[in-house]
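Observations on chain architecture
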Amino acid sequence: QQQVKQSPQSLIVQKGGISIINCAYENTAFDYFPWYQQFPGKGPALLIAIRPDVSEKKEGRFTISFNKSAKQFSLHIMDSQPGDSATYFCAASYEGAQKLVFGQGTRLTINP
Amino acid sequence: SAVISQKPSRDICQRGTSLTIQCQVDSQVTMMFWYRQQPGQSLTLIATANQGSEATYESGFVIDKFPISRPNLTFSTLTVSNMSPEDSSIYLCSVSGTGNQPQHFGDGTRLSIL
């Protein structure tokens, strides 16, 4: 009930391509879905987040697509750049933004 | 967003000892949380640090092993007690303004137990 499943575990994309990371959840009480970016030696940094009343949210090159009926959401990184190489975590929570449950993480590598 | 400072940034400790990690925020925040990130893995919530009262622990984490203090709205500590090699992890502090605001993380404390 509390799990968030993330795929793929690792992803290699060419510079300029689209990176797509997927997450699925089970608990229908989740009402907040953030994505975090983590560089080695640093804490996770909030990238973008969505609530289930919208199906898509875009901020610059980053877009979250949300499918409430399928209980899935995904992160799309357009025009991927080498500086985007990092580990990405999806997460979900209820009770507002408290008690985040994280996915397993995706190590993204953008080849120049 | 708030600036979050964690000390120490890393440490190497002996088995059986205890270490206290500090989390300092540059502004008052409502919520403070402690997470564990084992090497190469995801983040797991340890507890919510409540100002002026006992922390709320998640399943699998107990106060005797991970005592937490939060004396005010800008500071919290997490102690890892009676450490064993299995406690080698990154310990992260996060904060949010209210229950509806996003969480922001410090850079963590990298702990190795010999």
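Since this is a predicted model, take the numbers as computed values, not measurements.

1. Observations regarding the environment of lysine 58 of chain A
Residue and element names in this part refer to chain A. Examined against the element boundaries, lysine 58 turns out to sit in strand E6 (residues 56–59). For the pair lysine 58 and glycine 105, spaced 47 residues apart in sequence, the C-alpha separation works out to 21 Å. Discounting residues that sit within four places of it in the chain, lysine 58 has contacts with Ile48 and Thr63.

2. What about the interface of chain A and chain B?
Contact residues are listed per partner, giving 19 residues for chain A and 20 residues for chain B. Here chain A and chain B share 2 salt bridges between them. Between glutamate 58 of chain B and lysine 99 of chain A there is a salt bridge whose closest N-O contact spans 3.8 Å.

3. Section: the pairing of strand E4 (residues 33–38) of chain A
All names here are of chain A. The element E4 is largely enclosed, with a buried count of 6 among its 6 residues. Residues Phe33, Trp35 and Gln37 line one face of E4 and the alternating positions Pro34, Tyr36 and Gln38 line the opposite face, and both faces are buried. Pairing geometry for E4 and strand E5 (residues 45–50), over 5 bridges, is antiparallel. Residue pairing for E5: phenylalanine 33 is matched across the bridge by isoleucine 50. Count of turn residues in the E4/E5 antiparallel hairpin: 6 residues, of which glycine 41 carries a positive phi of about 80°. Summarising the sheet, E4 and strand E9 (residues 86–92) pair through 4 bridges and their orientation is antiparallel. Looking at E9, one finds that tryptophan 35 is bridged to cysteine 90.

Rules used in this analysis
- Residues numbered from 1 in each chain as written.
- Chains lettered and ligands numbered in written order.
- Predicted model: local features only at pLDDT ≥ 70, side-chain atom pairs only at ≥ 80, totals over all residues.
- Heavy atoms only, no water.
- Helix = DSSP H or I, 4+ residues; strand = E, 2+ residues; numbered from the N terminus.
- Contact = heavy atoms within 4.5 Å.
- Salt bridge = Lys/Arg side-chain N within 4 Å of Asp/Glu carboxyl O.
- Buried < 20%, exposed > 50% of the residue type's maximum accessible area, 1.4 Å probe, protein only.
- Pairing = 2+ DSSP bridges.

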